[in-house]
Amino acid sequence: MLHELLTQPWWTYDPQTTGTWGHVYRWFNLFEGTVWFVFAGLVIHRWRRHRKSSLEPVYALTFLLFGLTDFREASAQSAGLVIMKAIILSGLFGLRQRVMHAYGDRRNIY
């Protein structure tokens, strides 16, 4: 029962039956996933230049994971996916706090 609750999709993308909102939702998630990948690239680029925090590669990987969940969400959404996104997002916030502490600049967006 719990397995089904976590894995059964609430919404799936079907181009034949999806309305306007479904198409917008799908394209927004594809765009958002791409943005998270860009942030991951920016973090790796910054780490290569400065190497102030050994956590930055993990931070970049967490951005990539969050982006992957958005790409998945573009096709289907489920309780398990939402829970996974919440866990990854909380990890992003925690890592951001620790990485930004190493830089001493909290104004940086990534």
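Residues numbered from 1 in each chain as written. Predicted model: local features only at pLDDT ≥ 70, side-chain atom pairs only at ≥ 80, totals over all residues. Heavy atoms only, no water.

A. Summary view of the nonpolar core. With 14 residues, the main nonpolar core has Trp36, Val43, Tyr59, Phe63, Phe66, Leu92 and Val99 as its most contacted residues. Within the residue set of this core, elements represented by two or more residues are helix 2 (20-50), helix 3 (56-73) and helix 4 (79-103). Take this core: its biggest share by element is 6 residues, from helix 4. Contact partners of phenylalanine 66, with chain neighbours within four places excluded, come to Trp36, Lys85, Ile88, Leu89 and Leu92. (Core = buried A, V, L, I, M, F, W, Y, C linked by side-chain atoms within 4.5 Å. Buried < 20%, exposed > 50% of the residue type's maximum accessible area, 1.4 Å probe, protein only. Helix = DSSP H or I, 4+ residues; strand = E, 2+ residues; numbered from the N terminus. Contact = heavy atoms within 4.5 Å.)

B. Layout of the packing of aromatic side chains. Under the counting rule described, the total for this entry stands at 9 aromatic pairs. A ring pair is formed by tryptophan 21 and tyrosine 25, whose centres lie 6.0 Å apart and whose planes are at 40 degrees; its orientation type is tilted. Of the two residues, tryptophan 21 and tyrosine 25 are both situated in helix 2; the distance of 4 residues between them amounts to about one turn of the helix. Where tyrosine 59 meets phenylalanine 63, the ring centres are 4.9 Å apart and the plane angle is 55 degrees; that geometry is what we call tilted. (Phe/Tyr/Trp six-rings, centres within 6.5 Å; stacked < 30°, edge-to-face > 60°.)

C. Local environment of the packing of helix 3 against helix 4. Interaxial distance between helix 3 and helix 4 falls to 9 Å at its minimum, and their mutual angle equals 155 degrees. Here helix 3 is positioned roughly antiparallel relative to helix 4, judged by the angle of their axes. Where helix 3 crosses over helix 4, the two elements pack in a sense that is left-handed. Here helix 3 contributes Glu56, Val58, Tyr59, Thr62, Phe63, Leu65, Phe66, Thr69, Asp70, Arg72 and Glu73 to the contact with helix 4, which in turn contributes Leu81, Met84, Lys85, Ile88, Leu89, Gly91, Leu92, Leu95, Arg96, Val99 and Tyr103. Of the residues belonging to the contact of helix 3 with helix 4, the class tally is 13 nonpolar, 3 polar and 6 charged. (Axes fitted to C-alpha atoms, helices over the stretch in contact; angles between N-to-C directions. Parallel < 35°, antiparallel > 145°, perpendicular 65-115°, else oblique. Left-handed = near helix turned anticlockwise from the far one by under 90°. Nonpolar A, V, L, I, M, F, W, Y, C, P; charged D, E, K, R; others polar.)

D. Spatial organisation of unusual backbone geometry. At arginine 51, a position not held by glycine, the phi torsion is positive, near 50 degrees. With respect to the helices and strands, arginine 51 occurs in the loop between helix 2 and helix 3.

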